[in-house]
Amino acid sequence: MPLHEPSPYEVLGVALTAGVREINLAVGPAMKAGRYSRQQIQDAAALLRNPDRRLELDLQRPLPPEPVDQAAELLAPALAEPLLVVERPPLPPAAALLVLHRAEAAADFAEPAPGRGDPEPPVPARYAADLSVLPQIEVPE
């Protein structure tokens, strides 16, 4: 099964604007070329000769868009400005940076005690959930 079914215009090798005379003249050379079967060529010619069926075909297969020669000129205003502007905040002074001590990192990644049978490793105490992670709730009196 072909991936692309040729249009009647392709079968006959005529332009989309071809008239009945051009269609009739294209049948003979299409038959001699042998690219398509006799039945395909006759069906294509019959379809293109019938104005109603041809209009239906043309509406189902819209014309390809016209090439734009002035694409650079049309896009120039949009391309004049950068497409993405990333504003990065200034870096804080070195004194404001937090330093993670090696001892804290070692405690976070310590191996769990063998034989406890816990399915998940324990959470370090400083990351354990307590009431400080909950939002403030106003209790009505």
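Every value quoted in this text rests on a predicted model; they were computed, and no experiment measured them.

A. Focus on helix α2 (residues 20-33). Between its terminal C-alpha atoms α2 stretches 20 Å, which fits the 20 Å expected from 14 residues at 1.5 Å a residue. For α2, the set of buried residues is I23, A26, V27 and A30. Buried residues in α2 make contact with α1 (8-12), α3 (38-49) and α4 (51-60). Remark: G34 follows α2 within two positions and exhibits a positive phi of approximately 70°.

B. Seen up close, a nonpolar patch on the surface. There is a patch of nonpolar side chains on the surface, built from V68, L74, L75, L79, L83, L84 and V86 and spanning about 810 Å² of accessible area. With respect to the helices and strands, L84 occurs in the loop between α5 (71-80) and α6 (102-108). A relative accessible area of 69% means that L84 is categorised as exposed.

C. Quick look at the packing of α3 against α4. As a packed pair, α3 and α4 sit with axes 5 Å apart at the nearest point and diverge in direction by 100°. Accordingly, the angle class assigned to the pair α3 and α4 is roughly perpendicular. In this structure, α3 contributes L47, L48 and R49 to the contact, and α4 contributes P51, R53, R54 and L57. Its residues assigned to classes, the contact of α3 with α4 comprises four nonpolar, no polar and three charged.

D. Structural view of the nonpolar core. In terms of nonpolar packing, the biggest core is built from 16 residues, with L12, V14, I23, I41 and L48 touching the most fellow members. Counting only elements with at least two residues in this core, the list comes to α1, α2 and α3. What I41 contacts, discounting residues up to four positions off in sequence, is V11, L12, V27, A30, M31 and Y36.

E. The environment of Y9, seen in detail. Along the chain, Y9 turns up in helix α1. Classification of Y9 as buried rests on a relative accessible area of 6%. Residues Y9 and L48 lie 39 residues apart in sequence; the distance between their C-alpha atoms is 8.1 Å. Contact partners of Y9, with chain neighbours within four places excluded, come to V14, A15, L16, L48, R54, L57 and D58. Here D58 takes part through its side chain, which lies 2.7 Å from a polar atom of the side chain of Y9.

Each value, and the rule that gives it
- Throughout this document, residue positions are counted from 1 along each chain, in the order its sequence is written.
- For a predicted model such as this one, the threshold for reporting local features is a pLDDT of at least 70, and the threshold for listing and counting side-chain atom pairs is 80 or more; totals across whole chains, interfaces and linings nevertheless cover every residue.
- By convention in this description, side-chain values take in all heavy atoms of the structure and omit both hydrogens and water.
- Numbering goes from the N terminus for both helices and strands, where a helix is a DSSP run of H or I of at least four residues and a strand is a run of E of at least two.
- How far a helix is expected to stretch is found by multiplying one less than its residue total by 1.5 Å.
- Whether a residue is buried, partly exposed or exposed follows from its accessible area with a 1.4 Å probe, protein chains only, as a fraction of its type maximum: under 20%, in between, or over 50%, in that order.
- Working rule for contacts: check all heavy atoms of both residues, and any pair within 4.5 Å makes them a contact.
- The patch calculation keeps residues exceeding 30% relative accessible area without a salt bridge and links them within 9 Å when they carry like charges or within 5 Å when they are nonpolar (Val, Leu, Ile, Met, Phe, Trp, Tyr).
- Calculation of accessible area relied on Shrake-Rupley with a 1.4 Å probe; when residues are assessed, cover is drawn exclusively from the protein chains displayed.
- When a carboxyl oxygen of Asp or Glu lies within 4 Å of a side-chain nitrogen of Lys or Arg, that pair is called a salt bridge.
- Convention adopted: a line fitted to C-alpha atoms gives each axis, helices being fitted over their contacting stretch, and angles between N-to-C directions are expressed from 0 to 180 degrees.
- Orientation is classified from the angle alone, with under 35 degrees giving roughly parallel, over 145 giving roughly antiparallel, 65 to 115 giving roughly perpendicular, and any other angle giving oblique.
- Here the term charged refers only to Asp, Glu, Lys and Arg, the term nonpolar to Ala, Val, Leu, Ile, Met, Phe, Trp, Tyr, Cys and Pro, and the term polar to all other amino acids, Gly among them.
- The set of buried Ala, Val, Leu, Ile, Met, Phe, Trp, Tyr and Cys residues whose side-chain atoms join them within 4.5 Å is what this entry labels a nonpolar core.
- Pairs of N or O atoms within 3.5 Å make up the polar contacts considered here, provided that, within protein, one atom can donate a hydrogen while the other can accept it, and that residues adjacent in sequence are counted only when both atoms are side-chain atoms.

Everything listed here is a matter of coordinates, which is why it stays silent on function.
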